[in-house]
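In case you want the letters, here they are:
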Amino acid sequence: QVQLVESGGGLVQPGGSLRLSCAASGSIFRIYYMGWYRQAPGKQRELVAAMTLTTGGTTTYAESVKGRFTLSGDSAKNTVYLQMNSLKPEDTAVYYCNAALLGGAGHVNYWGQGTQVTVSS
């Protein structure tokens with residue numbers, strides 16, 4: 001059994017910052033990919049940022065967050081962090097952690113439960 005535990009969401013004023021964390025735990029042999037998606041009311045879930053956890057891995061960002069959000073990882077802790085700066089009202093959404101990994105159940109894609117981020121004055 002694998003779990004993705006998210007933390008760090010909340011209410012922040014425009015221009016403020018938040019840091020999201022996602023920790024993967026359980027029967028994990030290898031993590032290939034971890035990242036964050038978000039879904040605003042009435043909209044489709046979209047990629048925010050993701051990284052491949054392989055040698056020479058790459059990080060991808062949505063155009064709307066480039067220069068404001070930074071994704072980093074701690075492979076020893078199976079954890080990724082999303083530092084969100086200069087937040088805008090349009091960043092308001094439920095943020096979901098996603099991981100593709102090889103675990104006890106084989107090659108599986110997992111989702112976290114979601115954490116609410118609200119940017120409002």
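Our structure's up above, just so we're on the same page.
The model shown is predicted, which means the values in this text are computed figures rather than measured ones. (Residues numbered from 1 in each chain as written. Predicted model: local features only at pLDDT ≥ 70, side-chain atom pairs only at ≥ 80, totals over all residues. Heavy atoms only, no water.)

1. Some points on the packing of aromatic side chains
In this structure the tally under the stated criterion is 1 aromatic pair. When the ring centre of Tyr-96 is taken as reference, the NZ or CZ atom of Arg-45 above it lies at 3.8 Å. The ring of Trp-111 has Arg-45 lying over it, and the distance from NZ or CZ to the ring centre is 4.6 Å. (Phe/Tyr/Trp six-rings, centres within 6.5 Å; stacked < 30°, edge-to-face > 60°. Lys NZ or Arg CZ within 6 Å of the ring centre and 35° of its normal.)

2. Things to note about the pattern of salt bridges
For the structure on display, the rule yields 4 salt bridges. The shortest N-O distance in the salt bridge between Glu-46 and Arg-38 comes to 2.7 Å. On the basis of relative accessible area, Glu-46 is assigned to the partly exposed category, the value being 36%. On the accessibility criterion, Arg-38 (6% relative accessible area) is buried. Of the charged contacts, one joins Lys-66 and Glu-63 as a salt bridge, the two residues approaching to 2.7 Å between their closest N and O atoms. Overall, the relative accessible area of 45% leaves Lys-66 in the partly exposed class. A relative accessible area of 63% means that Glu-63 is categorised as exposed. Three or more residues joined by partner-sharing salt bridges are found here, namely Arg-38, Glu-46, Arg-68 and Asp-91. (Salt bridge = Lys/Arg side-chain N within 4 Å of Asp/Glu carboxyl O. Buried < 20%, exposed > 50% of the residue type's maximum accessible area, 1.4 Å probe, protein only.)

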